[in-house]
Amino acid sequence: DNMNIAARSATPLALVFHELATNSAKYGALSSEDGTVDLTIADNGGTLLLRWVERGGPPAPQDPVQGFGSRLVEMSVTGQLGGKWARRFEKDGMVCELTVLKDAIAP
């Protein structure tokens, strides 16, 4: 199913995915010729779960630094999209799960 996104939600969503893609290209799966990123979206009733999974990149950091980009994602997801996010570094790559309220992104 398709879902329309409100204009007010387009910028925070774009910022989140730009940050994830930029970091992946610099440090993660997209920095490697064999690296991949899978994005899935699950409809959980009143929320959407957006799952970004990187595989095939360099080894993930043991103690990642929380920089400006992470704070930007945090502000966008929790403040503007009414959701939450979690990032973890697994052996095979980074996994980021974003849960957003449908009402926060729907027109």
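Refer to the preceding data block for the structure.
Residues numbered from 1 in each chain as written. Predicted model: local features only at pLDDT ≥ 70, side-chain atom pairs only at ≥ 80, totals over all residues. Heavy atoms only, no water.

Draft legend 1. Structural view of the environment of Phe68. On the secondary structure map, Phe68 appears in helix H2 (residues 68-80). Once the C-alpha coordinates of Phe68 and Glu19 are considered, the two residues, 49 residues apart in sequence, prove to be 10.0 Å apart. (Helix = DSSP H or I, 4+ residues; strand = E, 2+ residues; numbered from the N terminus.)

Draft legend 2. The nonpolar core, seen in detail. In terms of nonpolar packing, the biggest core is built from 16 residues, with Phe17, Leu20, Cys96 and Leu98 touching the most fellow members. Those residues in contact with Cys96 that sit more than four places away from it in its chain are Leu20, Leu50, Arg51, Trp52, Trp85, Ala86 and Arg87. (Core = buried A, V, L, I, M, F, W, Y, C linked by side-chain atoms within 4.5 Å. Buried < 20%, exposed > 50% of the residue type's maximum accessible area, 1.4 Å probe, protein only. Contact = heavy atoms within 4.5 Å.)

Draft legend 3. How the structure looks around the pairing of strand E2 (residues 47-55). When strand E1 (residues 36-43) meets E2, the two strands line up antiparallel, connected through eight bridges. Among the inter-strand pairings, Thr40 is bridged to a residue of E2, identified as Arg51. A loop of three residues connects E1 with E2, the two strands running antiparallel in sequence, and Gly45 in this loop sits at a positive phi of about 85 degrees. The pairing of E2 with strand E4 (residues 93-101) spans seven bridges and is classified as antiparallel. (Pairing = 2+ DSSP bridges.)

Draft legend 4. Structural view of the pattern of salt bridges. Taken as a whole and assessed by the stated rule, the structure comprises five salt bridges. We note a salt bridge from Lys102 to Asp43, for which the minimum N-O separation is 2.7 Å. Placement of Lys102 in helix H3 (residues 102-105) and of Asp43 in strand E1 is noted, with a sequence separation of 59 residues between them. Residue classification places Asp43 among the exposed residues on the basis of a relative accessible area of 52%. Close ionic contact of Glu90 with Arg55 constitutes a salt bridge, the shortest N to O distance being 3.0 Å. Placement of Glu90 in strand E3 (residues 84-90) and of Arg55 in strand E2 is noted, with a sequence separation of 35 residues between them. (Salt bridge = Lys/Arg side-chain N within 4 Å of Asp/Glu carboxyl O.)

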